Amino acid sequence: MDLTCSEEEEEFRARLRAWLIATLPTLPARPDPLDWPARRAYDCGWQRRLYDAGYADTHWDASPTQRLIFLEETELAGAPYVGANFVGLLHAGPTIAAEGTAAQRERWLPPILRGDEVWCQGFSEPGAGSDLASLRTKAVRDGDAYVVTGQKIWTSHAEVADWCELLVRTDPDPAASKHRGISWLAMPMDAPGVTVRPLRTLAGSTEFAEMFLDEVRVPVANRVGEENDGWRVTMVTLSFERGTAFVGEVVACRRLLGELARTARKNGTWDDPVLRRRLGRLSAEFQALWRLTQANVSEAQATGGVPGAGGSVFKLHYSHARQELYEAAGAVLGPDALDLDREWNLDRLSSLSYTIAAGTSQIQRNIVAERILGLPKGR
């Protein structure tokens, strides 16, 4: 497997790097990280700059390797993260690009790329988290619309979103396969019957919400994929979420390791040999994760652009490595690890969710066991 970049890809890297050097100093001040309406405006403004410069379509129309270069270079340069555009750019957009009709791609992809519209993710429910296929939000066909009733939880960015990638049950037959009876819909968040209640995280932010749906009418034309084939479409969404959505964060973690080492040398914690070994082991782990990312991207490039089950290997290991990294950050900070105004501490709190978000570690182990190792499914 060739993990090196071609001459054309290196030219793309150099051009992007030069643009970042010229553009980043002109950005406005970053908003309060807990103010999501302000963050939406800031994140969408950055996305518009990428669009005007010709880099917005890197997530879909570029090769997987160019996408990797883009994520690597923007993170290394300290460019704004996708933020409120996370679901649209890294989940819904790639799914629509891969599975949507020509009309759906024309309607939804350009506004995502321009930063005009923000998406949220309506997958999990109070009784269907890890066992996502047990979802009970129902969609009843009524002419050219579905009438949707149910509840979602942990709906990412719902309070600032224009659209929701929504999983619903369109086959109520209890004898039917629970995986077979699901459909993937694009639901407008301003539709009558949609109620959003933000949920406050441990860090104090509200990037999640619970969402209540009371006979919400969603056009049948907004269904991506065939009716009752939503589980297969969802696997495409989750393959992007687990396979490539966290790539930039691996680069950020590698940079953070260097910052931790410099801080440890300044405050004296570097004298602890246990801490030094800990940081050294983490450096090796994140280097291995970066190589695994390159391998997954190479595989995706060879198989049509959709990440495979190797994304679950990456997501499983990355989730735990990130938590270990921020535990090490707490050891370097000492008593300052209790001060939420200190750098790294909010990220340290958010890292606790990574073994749950995008599929729990237990689910990732099942996927690895069944789809990669060929072990039998549990009963």
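To be clear, the structure that these remarks concern was listed above.
Residues numbered from 1 in each chain as written. Predicted model: local features only at pLDDT ≥ 70, side-chain atom pairs only at ≥ 80, totals over all residues. Heavy atoms only, no water.

Let's talk about the overall build of the chain
Applicable threshold: Each helix corresponds to a stretch of at least 4 residues labelled H or I by DSSP, and each strand to a stretch of at least 2 residues labelled E; elements are numbered beginning at the N terminus. The buried label applies to any residue whose accessible area, calculated with a 1.4 Å probe on protein chains only, is under 20% of its type's maximum; exposed applies above 50%, and partly exposed to all values in between. For this analysis, residues touch if any pair of their heavy atoms sits within 4.5 Å. Note that accessible areas follow from Shrake-Rupley with a 1.4 Å probe, and for residues the cover is restricted to the protein chains shown.
The helix and strand tally for the chain stands at 11 helices and eight strands. Residues counted as buried form 52% of the 379 residues belonging to the chain. Put simply, 73% of the contacts in the chain that link residues at least 6 apart link residues at least 24 apart. Approximately 17500 Å² of the chain is accessible, and the part contributed by carbon and sulfur atoms is 52%.

Comments concerning the pairing of strand β5 (residues 182-188)
Inclusion rule: Only strands joined by at least two bridges in the DSSP assignment are considered to pair.
β5 sits mainly inside the fold: seven of its seven residues count as buried. Pairing of strand β4 (residues 163-169) with β5, which is carried by seven bridges, proceeds in the antiparallel orientation. Residue Val168 lies in a different strand from β5, and its bridge partner there is Ser183. Judged from the two bridges that link them, β5 and strand β8 (residues 223-224) form a sheet pairing that is antiparallel.

Digging into helix α4 (residues 86-99)
Quick reminder of the rule: Under the convention used throughout, the expected extent of a helix is 1.5 Å for every residue step, that is, one less than its residue count. Note on bend: at a given residue it equals the angle between the axes fitted to the 7 residues ending there and to the 7 starting there.
Given a rise of 1.5 Å per residue, 14 residues ought to cover 20 Å, and the 19 Å separating the end C-alpha atoms of α4 matches this to within 8%. Within α4, the axis deviates most sharply at Ala92, by approximately 40°, and proline Pro94 lies no more than four positions further along. Every buried residue of α4 is listed here: Phe86, Val87, Gly88, Leu89, Leu90, His91, Ala92, Gly93, Pro94, Thr95 and Ile96.

Quick word on the packing of α4 against helix α5 (residues 102-114)
Keep this limit in mind: Angles shown run from 0 to 180 degrees and are taken between the N-to-C directions of axes, each axis being a line fitted to C-alpha atoms and, for helices, limited to the stretch in contact. Orientation labels follow simple angle bins: below 35 degrees gives roughly parallel, above 145 gives roughly antiparallel, 65 to 115 gives roughly perpendicular, and whatever is left gives oblique. When the near helix sits turned anticlockwise from the far one by under a right angle, the crossing is termed left-handed; a clockwise turn instead gives a right-handed crossing.
Direction vectors running N to C along α4 and α5 enclose 160°, while the axes themselves pass 10 Å from each other. By the criterion of interaxial angle, the relationship of α4 to α5 is roughly antiparallel. The chirality of how α4 crosses α5 is left-handed. Side by side, α4 and α5 meet where Gly88, Leu89, Gly93, Ile96 and Ala97 of the first sit next to Gln104, Arg105, Trp108, Leu109, Ile112 and Leu113 of the second.

Observations regarding the pattern of salt bridges
Going by this rule: Salt bridges are identified by distance alone: a Lys or Arg side-chain nitrogen within 4 Å of an Asp or Glu carboxyl oxygen.
Evaluated as defined, the whole model comprises 18 salt bridges. Glu72 is the partner of Arg13 in a salt bridge, and the nearest nitrogen-oxygen pair spans 3.1 Å. In this pair, Arg13 sits in helix α1 (residues 7-23) while Glu72 sits in helix α3 (residues 64-76), placing the two residues 59 residues apart along the sequence. Both residues of the pair, Arg13 and Glu72, count as buried. Put simply, Glu227 and Arg141 hold a salt bridge, and the shortest N to O gap is 3.7 Å. Of the two residues, Glu227 sits in the loop between β8 and α6 (230-243) while Arg141 sits in strand β2 (residues 138-142), which places them 86 residues apart along the sequence. Judged by relative accessible area, which is 47%, Arg141 ranks as partly exposed.

Things to note about α5
Counted at 1.5 Å a residue, the expected span for α5 with its 13 residues is 18 Å, and the 18 Å between its end C-alpha atoms agrees. Its axis deflected by about 25° at Trp108, α5 carries its strongest bend there, up to four residues before the proline Pro110. Summarising the contacts, the buried residues of α5 are in contact with α2 (36-53), α4, β1 (119-122), β4, β5 and β8. Following α5 by one or two positions, Gly115 has its phi on the positive side, about 80°.

Topic: the packing of aromatic side chains
Stated formally: In summary, the pairing rule links any two rings of Phe, Tyr or Trp, Trp by its six-membered ring, whose centres are within 6.5 Å, and it sorts them by plane angle into stacked for under 30 degrees, edge-to-face for over 60 and tilted for everything else.
Inspection of every chain in the model, using the stated rule, returns nine aromatic pairs. An angle of 50° between the planes, with centres 5.4 Å apart, marks the rings of Trp19 and Tyr55 as tilted. In this pair, Trp19 is assigned in helix α1 and Tyr55 in the loop between α2 and α3, connecting sequence segments 36 residues apart. Overall, the relative accessible area of 18% leaves Trp19 in the buried class. Take Tyr55: its relative accessible area is 6%, and that puts it in the buried class. Summarising the aromatic geometry, the rings of Tyr81 and Phe86 are spaced 6.3 Å apart at their centres and angled 45° between planes, so their arrangement reads as tilted. Residue class for Tyr81 comes out partly exposed when judged on its relative accessible area of 33%.

Digging into the side chain of Glu165
To keep it simple, the criterion reads: A residue counts as positive if it is Lys or Arg and as negative if it is Asp or Glu; His and the chain ends are not included. The definition of a polar contact used here is a pair of N or O atoms within 3.5 Å, where within protein one atom must be able to donate a hydrogen and the other to accept one, and adjacent residues in sequence count solely through side-chain atom pairs.
Inspection of the secondary structure assignment puts Glu165 in strand β4. For the buried Glu165, which has no salt bridge, the nearest side chain bearing the opposite charge is Lys152, at an N-O separation of 11 Å. A polar contact is formed between the side chain of Glu165 and the side chain of Gln121, at a distance of 3.2 Å. With residues up to four places along the chain from it excluded, the contact list for Glu165 reads Val87, His91, Ala92, Trp119, Cys120, Gln121, Gly122, Phe123, Trp184, Leu185 and Thr237.

Side note on the packing of α2 against α5
The N-to-C vectors of α2 and α5 enclose an angle of 105°; their axes lie 7 Å apart at closest approach. In terms of their interaxial angle, α2 and α5 are classed as roughly perpendicular. Residues Cys44, Gln47, Arg48 and Tyr51 of α2 touch α5, and the partners they reach there are Ile112, Leu113 and Arg114.

Interpretation note: all reported values are geometric properties and have no functional meaning in isolation.
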